[in-house]
Amino acid sequence: MSGRLEPDTDHLLEAASGGNAQARGELLERHRARLQRMVGIRFDRRLAARVDPSDVVQETLAEASVKLDAYLHERPLAFYPWLRQIAQQRLTDLHRRHLLAQRRSVSREEPAGLPSESAMELAERLLAGEAPSAGLRREEQRVRVRQALEQLPERDRDVLVLRYLEQLSTAETAAVLGSSPGAVRVRTLRALQRLRDILNTRGARP
Amino acid sequence: MTTQTINPAEKRVTELAVVVERLTSRLQAGEPLDIHEIVREYPQFAEELTGLLPAMAALASLPGSSATSGVRHDSIGGLPAELGDYRILREVGRGGMGIVY
């Protein structure tokens, strides 16, 4: 590896606090891909015809840029969880605005809570690897896993989506959930156990 | 290490949770995990891990690189290439009321 050394986020935060404009820009830009991932997962596909997920990311970064000074001053939480919080709020507002307005046209089968896209995404992941029961057809698996996820308590679903889909670290997940890393570890374990149990009992496979 | 008394069952859960975290990191780093090897590595959790690993492996199996993150972004204008049962071919038009696909 011979490229220039990338300053880590802490250094960038330091430099940005000192008023370094380039550091500010880079600080935001380097988290774009992660935000894109998060928005992709959380974005309700019923919005797709009206809103471009990339715009949500762009607007998040713009808002973060405006709020950056206040953030740097207080640093209430780690940088990415802070950025993510802004994106989450924008998504919540968007979903509220668009989906409440067209509530009548929204299918009643859509689960509340986690947008269906998230459930789908998680199901995709479960299916992409060695599927627990290879005998089942892919399509059936998809439905099964999706249903299993919807059956999980929201607590469990939340932590699995954060850890495995958004790929947040334990510490970041703790920051997002207002919890401790130790609690997140145990909660992840419990959620995995329940997911496994639901899949095993529902499957009744030969 | 503090000497707070916790019961053995609780201690076991905490330890297993740490192992799961460790294995999750390895999975997310793209490391293929061999169940036999892992059972040898953590014999005390053999049974639990055998139950949990297939689900964990599947969860972590999509590429973690940002390029293929979240929704598939081999897409038009940042939209996923597929939406449910539909495949997006191209953008038809864009106007004040939204975008037509």
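Residues numbered from 1 in each chain as written. Chains lettered and ligands numbered in written order. Predicted model: local features only at pLDDT ≥ 70, side-chain atom pairs only at ≥ 80, totals over all residues.

Asks: Could you clarify how one ought to interpret the overall build of chain B in this entry?
Replies: For chain B, the count of helices and strands is three helices and four strands. Secondary structure elements of chain B, listed N to C terminal, follow the sequence α-α-α-β-β-β-β. A total of 101 residues make up chain B; the buried ones form 23% of that total. (Helix = DSSP H or I, 4+ residues; strand = E, 2+ residues; numbered from the N terminus. Buried ≥ 20, exposed ≤ 12 C-beta atoms within 10 Å, placed from the backbone.)

Asks: How do you make sense of the overall build of chain A when you look at a structure like this?
Replies: The number of helices and strands found in chain A is 10 helices and zero strands. Mapped in sequence order, the helices and strands of chain A form the string α-α-α-α-α-α-α-α-α-α. Across the 206 residues that make up chain A, the buried fraction comes to 38%. When contacts within chain A are restricted to residue pairs at least 6 apart in sequence, those whose partners lie at least 24 apart make up 69%. (Contact = placed C-beta atoms within 7 Å.)

Asks: Could you clarify how one ought to interpret the nonpolar core in this entry?
Replies: Taken as a class, soluble globular proteins show a tendency for nonpolar side chains to be buried jointly. Core analysis: the largest hydrophobic core is formed by 52 residues, its most contacted members being Val 39, Ala 87, Leu 192 and Leu 195 of chain A together with Val 20, Leu 52 and Met 56 of chain B. Here the element with the most residues in this core is helix α10 (residues 181–203) of chain A; it accounts for seven residues. Leave out the neighbours within four places in its chain, and Met 56 of chain B touches Leu 192 of chain A together with Leu 23, Thr 24 and Leu 27 of chain B. (Core = buried A, V, L, I, M, F, W, Y, C linked by C-beta atoms within 7 Å.)

Asks: What exactly am I supposed to notice about helix α3 (residues 32–42) of chain A here?
Replies: Quick reminder: α-helices carry 3.6 residues per turn. Residues three or four places apart thus point the same way. By the criterion of burial, α3 of chain A is predominantly enclosed, with nine of the 11 residues buried. Listing the buried residues of α3 of chain A in full gives Arg 34, Leu 35, Gln 36, Arg 37, Met 38, Val 39, Gly 40, Ile 41 and Arg 42 of chain A.

Asks: How do you make sense of the packing of helix α1 (residues 9–17) of chain A against helix α2 (residues 21–29) of chain A when you look at a structure like this?
Replies: When two helices pack together, their arrangement is given by the angle between the helix axes and the distance between those axes. Residue and element names in this part refer to chain A. Between α1 and α2, the shortest axis-to-axis distance is 8 Å and the interhelical angle comes to 140°. Taken together, the axis directions place α1 and α2 in an arrangement best described as oblique. Between α1 and α2 lies a crossing whose hand is left-handed. Contacts between α1 and α2 involve Thr 9, Leu 12, Leu 13, Ala 15 and Ala 16 from the former and Ala 23, Arg 24, Glu 26 and Leu 27 from the latter. Its residues placed into classes, the contact of α1 with α2 shows six nonpolar, one polar and two charged. (Axes fitted to C-alpha atoms, helices over the stretch in contact; angles between N-to-C directions. Parallel < 35°, antiparallel > 145°, perpendicular 65-115°, else oblique. Left-handed = near helix turned anticlockwise from the far one by under 90°. Nonpolar A, V, L, I, M, F, W, Y, C, P; charged D, E, K, R; others polar.)

Asks: Help me understand helix α1 (residues 8–28) of chain B in this model?
Replies: Residues and elements named next belong to chain B. Over its 21 residues, α1 runs 30 Å from end to end, which matches the ideal 30 Å to within 8%, given 1.5 Å per residue. Among all positions in α1, only Leu 16, Ala 17, Val 19, Val 20, Leu 23, Thr 24 and Leu 27 are buried. Of the residues one or two after α1, Gly 30 is the one with positive phi, at around 85°. (Expected span 1.5 Å × (residues − 1).)

Asks: Just to check I follow, could you spell out the domain arrangement of chain A for this structure?
Replies: By a frequent convention, interface size equals the accessible area lost on bringing the separate parts together. All names here are of chain A. As far as domains go, chain A holds domain 1 (10–104) and domain 2 (116–203). Listed by partner, the interface residues are 12 residues for domain 1 and 10 residues for domain 2. Counting only elements with at least two residues in the side of domain 1 that touches domain 2, the list comes to α3 and α5 (79–101). Top element by residues in the side of domain 1 that touches domain 2 is α3. It accounts for four residues. (Domains from an automatic or database assignment.)

Asks: Would you mind showing me how to read the environment of Tyr 164 of chain A here?
Replies: Residues and elements named next belong to chain A. Here Tyr 164 shows up in helix α8 (residues 154–165). The class for Tyr 164 is buried, based on 26 C-beta atoms found within 10 Å. Along the backbone, Tyr 164 and Thr 188 are 24 residues apart, and their C-alpha atoms lie at a distance of 9.7 Å.

Asks: Explain the environment of Glu 48 of chain B to me, please; I cannot follow it from the model alone.
Replies: By the element assignment, Glu 48 of chain B lies in helix α3 (residues 46–59). For Glu 48 of chain B, a count of 19 C-beta atoms within 10 Å puts it in the partly exposed group.

Asks: What is the right way to look at unusual backbone geometry in this model?
Replies: Its identity is not glycine, yet Arg 75 of chain A carries a phi of approximately 45°, on the positive side. Inspection of the secondary structure puts Arg 75 of chain A in the loop between α4 (53–74) and α5.

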